Amino acid sequence: MIKNVTTRSALSSALLIALFGCSSTSEPLTFSKEELNDPTGSPDAVWNMVWNDEFQGDEIDKSKWSHEENCWGGGNNEQQCYTKRKVNSFVDNGVLHIVAKEGSFTGPNNNKGDMRSKATLPFTSARLRTLNKGDWKYGRFEIRARLPHGQGTWPAIWMLPTDQKYGTWAASGEIDIMEAVNLKVQTDIEDAPVGELESRVYGTLHYGRQWPENVSSGTDYHLPNQINPADGFHTYAVEWEEGEVRWYVDNIHFATQRQDGWYSQYKENGSLTTAKESAPFNERFHMLINLAVGGSWSANRNEGGIDNDIFPQTLAVDYVRVFECSVDPDTGKGCATVSDDAKFVKGNAAPPIIIADKDYGKGTELSIFGDELNKHLVVSGYDPDGQVSVSFIDEPKRGKVIELIKKGKVGNAYFITPELDLSDWAENGELVFDIKVPTVNSESQLLVKMDSGWPLAGDYEVPLKAGAQWQEVRIPLSQLVSNGNRFAKGSTVDLSKVKNLLVLEPNASLTVFLDNIRLVR
């Protein structure tokens, strides 16, 4: 930041820097031969390398990589602008550096680069992709990298569909090879002792319908011997074949998902339909590498927020390699590297496609759950750590009730509806339900929300009283609108386009029971 600038030339220089960015590079990290030594070796000879970048030149190879330039943040409330400036990404001594730095920057607030919509954010970083320069259907994808650390860091190595055959995100899918947040900060794993540092890396698939009706499934992994991935280079990989995706770190196979646990539902001739076979993971994908700052995931994990004192931070990449299965390149089958110890990720089956009745949302009462769930609703949730469950259980004298169990700090459950116009409910409509909370502690909170797709949400904190007795809660819809989204200031639910009729989000470990959930006016 430039302070006490008084001369015209200094002001001109400041203006040029604000508009175009500094042209000099950041200080490169130095790595010893031992650090860059790769003990994982090459994969089995049945895999043929068809694309790679060893970063041996002096510049980022533009025939292989393009920069994204925007301050959009992927809709995750991230706090960085992505630039192509050399202070944010460069090659030095055989290593790609992606550097997140503190410093205000202004750019397009969209992923199209349209400066008619701008944002100014407090950090800059870089996001590289191989779109239309490296696009593949099936194979083995390896990236050797040393990850950044500290509260607010969010490195990602991932893949997106090139052609979006099934529609926009996430109906056409997303493959996360590796993600991590806040490494070397106090972990927020339930019951972890003070001093245990964050060390998880994640592998995840995103799929389902177009946002906000998308879903995801995946798992985390700890390197052996309490090794932290921010302390050295490790090889992150996926093997992707028809109907199956497998995740690896340093050639250790730690997770598998199969096509019966993913799906794509998209509009064809105006009607929602379920894609066949292994969709959406049966089309071309390209690779992305980026380092985000803050956002809805990292800023809400561990110690919360962003620690400005840790920056700059660097995601260092030694190489990227793509292999084709020589046994059957068309399906990728026959080259699998499989361990019996790998976790099988169950995923999500395709939900029924529901067409709303003409009277849905009309009248003076709309039941969400009585003794059963309204036939128009589908239960889903955001559950990156597999810590949220929703069950319909028997309760004496009540029949069926909803049991919501959350372990940990992250995740929620929500009830997807065919788009619903509740404009006429805005003045005197209420969300009413019975609740029972067996135990609470000083940190327990329950947010109840209604949304039109993130970040268009309104929330309300339900007062929690422990005990065996049921209590009634009444929330005016007007209050949900006026409260807005506490995690995205200035946003609130659009009652004319409700997509998730009810969202239940405990902020920590909690078990709650709910019954007689309804809208009344």
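Rules used throughout
Residues numbered from 1 in each chain as written. Predicted model: local features only at pLDDT ≥ 70, side-chain atom pairs only at ≥ 80, totals over all residues. Heavy atoms only, no water. UniProt positions renumbered as here; feature names shortened; annotations may be inferred. Helix = DSSP H or I, 4+ residues; strand = E, 2+ residues; numbered from the N terminus. Buried < 20%, exposed > 50% of the residue type's maximum accessible area, 1.4 Å probe, protein only. Contact = heavy atoms within 4.5 Å. Areas by Shrake-Rupley, 256 points an atom, 1.4 Å probe, with all protein chains shown as cover. Lys, Arg positive; Asp, Glu negative; His and termini not counted. Charge placed at Lys NZ, Arg CZ, Asp CG, Glu CD. Disulfide = S-S within 2.5 Å. Salt bridge = Lys/Arg side-chain N within 4 Å of Asp/Glu carboxyl O. Phe/Tyr/Trp six-rings, centres within 6.5 Å; stacked < 30°, edge-to-face > 60°. Lys NZ or Arg CZ within 6 Å of the ring centre and 35° of its normal. Core = buried A, V, L, I, M, F, W, Y, C linked by side-chain atoms within 4.5 Å. Polar contact = N/O pair within 3.5 Å; in protein donor to acceptor, adjacent residues only side chain to side chain. pLDDT = per-residue confidence, 0-100. Pairing = 2+ DSSP bridges. Axes fitted to C-alpha atoms, helices over the stretch in contact; angles between N-to-C directions.

The protein chain is annotated in an unreviewed UniProt entry as Family 16 glycosylhydrolase from Vibrio qingdaonensis. In its Sequence similarities (unreviewed entry) section, the UniProt record describing the protein chain reads: "Belongs to the glycosyl hydrolase 16 family."

Asks: Sorry, what's going on with the overall build of the protein chain here?
Replies: Counting secondary structure elements, the protein chain contains four helices and 32 strands. Here the protein chain, with 521 residues, has 52% of them falling under the buried criterion. The long-range share in the protein chain, meaning contacts at least 24 apart out of those at least 6 apart in sequence, stands at 75%. Total accessible area on the protein chain is roughly 23700 Å²; 47% of this is exposed by carbon and sulfur atoms. Of the charged side chains in the protein chain, 52 are positive and 72 negative; the average position of the first set lies 5 Å away from that of the second.

Asks: In this structure, what is going on with the state of the cysteines? I would like to understand it.
Replies: Defined simply, a disulfide is a covalent bond joining two cysteines at their sulfur atoms. Inspection of every chain in the model, using the stated rule, returns two disulfides. Here Cys-71 is linked by a disulfide to Cys-81, with a sulfur-sulfur distance of 2.0 Å. Since a negative S-S torsion denotes a left-handed disulfide, the Cys-71-Cys-81 link at about 110 degrees is right-handed. One end of the pair, Cys-71, is in the loop between strand S2 (66-67) and strand S3 (80-82); the other, Cys-81, is in strand S3, with 10 residues separating them in the sequence. Both residues of the pair, Cys-71 and Cys-81, count as buried. With its disulfide-bonded cysteines labelled consecutively along the sequence, the protein chain is connected as 1-2, 3-4.

Asks: Would you mind going over the side chain of Thr-204 with me for this structure?
Replies: The topology assignment puts Thr-204 in strand S12 (residues 201-208). Apart from residues lying up to four places away in sequence, Thr-204 is in contact with Glu-174, Ile-175, Asp-176, Ser-216, Ser-217, Gly-218 and Trp-247.

Asks: Help me understand unusual backbone geometry, please; the structure alone is not making it clear to me.
Replies: Among all residues save glycine, negative phi is the norm, and among peptide bonds the norm is trans. In this model, Trp-211 is joined to Pro-212 through a cis peptide bond whose omega is 15 degrees. Along the chain, Pro-212 falls in the loop between S12 and strand S13 (214-221). In this structure, the amide linkage connecting Trp-454 to the following residue, Pro-455, adopts the cis form with an omega of 5 degrees. By the secondary structure assignment, Pro-455 is in the loop between strand S28 (446-451) and strand S29 (457-462). Located in the positive-phi region is Asn-182, a residue other than glycine, with phi close to 60 degrees. With respect to the helices and strands, the residue Asn-182 is situated in the loop between strand S11 (174-179) and S12. The phi torsion at Asp-191 lies on the positive side, around 65 degrees, for a residue other than glycine. By the element assignment, Asp-191 lies in the loop between S11 and S12.

Asks: Where do I start with the pattern of salt bridges in this structure?
Replies: Close approach of charged atoms allows side chains with opposite charge to pair. Applying the stated criterion to the full structure yields 34 salt bridges. Here Asp-250 makes a salt bridge to Arg-144, at a shortest N to O gap of 3.9 Å. Residue Asp-250 is found in the loop between strand S15 (244-249) and strand S16 (252-258), and its partner Arg-144 is found in strand S9 (residues 139-146); the two are separated by 106 residues along the sequence. On the basis of relative accessibility, which here comes to 24%, the residue Asp-250 falls in the partly exposed class. Residue Arg-144 is classed as buried on the basis of its relative accessible area, which comes to 3%. The residue Asp-394 makes a salt bridge to Lys-400 at a minimum N-O spacing of 3.5 Å. For Asp-394, a relative accessible area of 59% puts it in the exposed group. It is possible to trace a salt-bridge network through shared partners that takes in Arg-140, Glu-142, Glu-239, Glu-241, Glu-244, Arg-246, Arg-258 and Lys-333.

Asks: Please clarify how the packing of aromatic side chains should be interpreted in this entry.
Replies: Aromatic ring pairs are defined here through the distance separating the ring centres and the angle between the ring planes. Applying the stated criterion across every chain, the model contains 17 aromatic pairs. Among the aromatic residues, those joined into a ring-pair cluster are Trp-51, Phe-55, Trp-65, Trp-136, Tyr-138, Phe-141, Trp-240, Trp-262, Phe-281 and Phe-285. Its end group placed over the ring of Trp-470, Arg-398 keeps NZ or CZ at 4.1 Å from the ring centre. In this arrangement the basic side chain of Lys-436 is found over the ring face of Phe-513, its NZ or CZ atom lying 5.1 Å from the centre.

Asks: I keep staring at the nonpolar core and nothing clicks. Help me out?
Replies: Nonpolar side chains in soluble globular proteins generally cluster together in the buried interior. Grouped together as the largest cluster of nonpolar side chains are 54 residues, with contacts concentrated most on Phe-141, Leu-147, Trp-240, Val-317 and Val-320. In terms of residue count, strand S19 (residues 285-293) provides more of this core than any other element does, five residues in total. In this structure, Leu-147 is in contact with Pro-155, Met-178, Ala-180, Leu-183, Val-201, Pro-229, Ala-230, Tyr-236, Thr-314 and Leu-315, ignoring residues within four places of it in sequence.

Asks: Explain the side chain of Asn-374 to me, please; I cannot follow it from the model alone.
Replies: Mapped onto the secondary structure, Asn-374 falls in the loop between strand S22 (365-369) and strand S23 (378-382). Reaching out from Asn-374, the side chain makes a polar contact with the backbone nitrogen of His-376 at a distance of 2.9 Å.

Asks: Just checking my understanding: could you explain the confidence of the model for the protein chain for this structure?
Replies: Caution is warranted with low-pLDDT regions, since their predicted coordinates should not be read in detail. Summing up the model confidence of the protein chain, the mean pLDDT is 92 and the portion of residues at 70 or higher is 95%. Low pLDDT (under 50) marks residues 1-24, which in the prediction has 13 contacts with non-local residues, meaning those over four places away or in another chain.

Asks: I keep staring at the sheet that holds S28 and nothing clicks. Help me out?
Replies: The strands making up a sheet are joined through hydrogen bonds of the backbone, oriented either antiparallel or parallel. Here five strands make up an open sheet; going across it, the order is S23-S26-S31-S28-S29 and the pairing antiparallel. Strand pairing shows two members of the sheet lacking a second neighbour, S23 and S29, which therefore form its edges. Taking each pair of neighbouring strands and ignoring which way they run, the sheet shows an average axis angle of 25 degrees.

Asks: Quick question: what am I supposed to make of the environment of Ser-271 here?
Replies: Here Ser-271 is to be found in strand S18 (residues 271-274). Of the residues examined, Ser-271 reaches a relative accessible area of 43% and is grouped as partly exposed. Taking the C-alpha atoms as reference points, Ser-271 and Lys-409, 138 residues apart in sequence, are found 37 Å from one another.

Asks: Can you walk me through the environment of Gly-94 in this structure?
Replies: With respect to the helices and strands, the residue Gly-94 is situated in the loop between strand S4 (89-92) and strand S5 (95-108). When its relative accessible area of 9% is taken as the criterion, Gly-94 is described as buried. Those residues in contact with Gly-94 that lie beyond four places of it in its chain are Glu-54, Phe-55, Gln-56, Val-317 and Asp-318.

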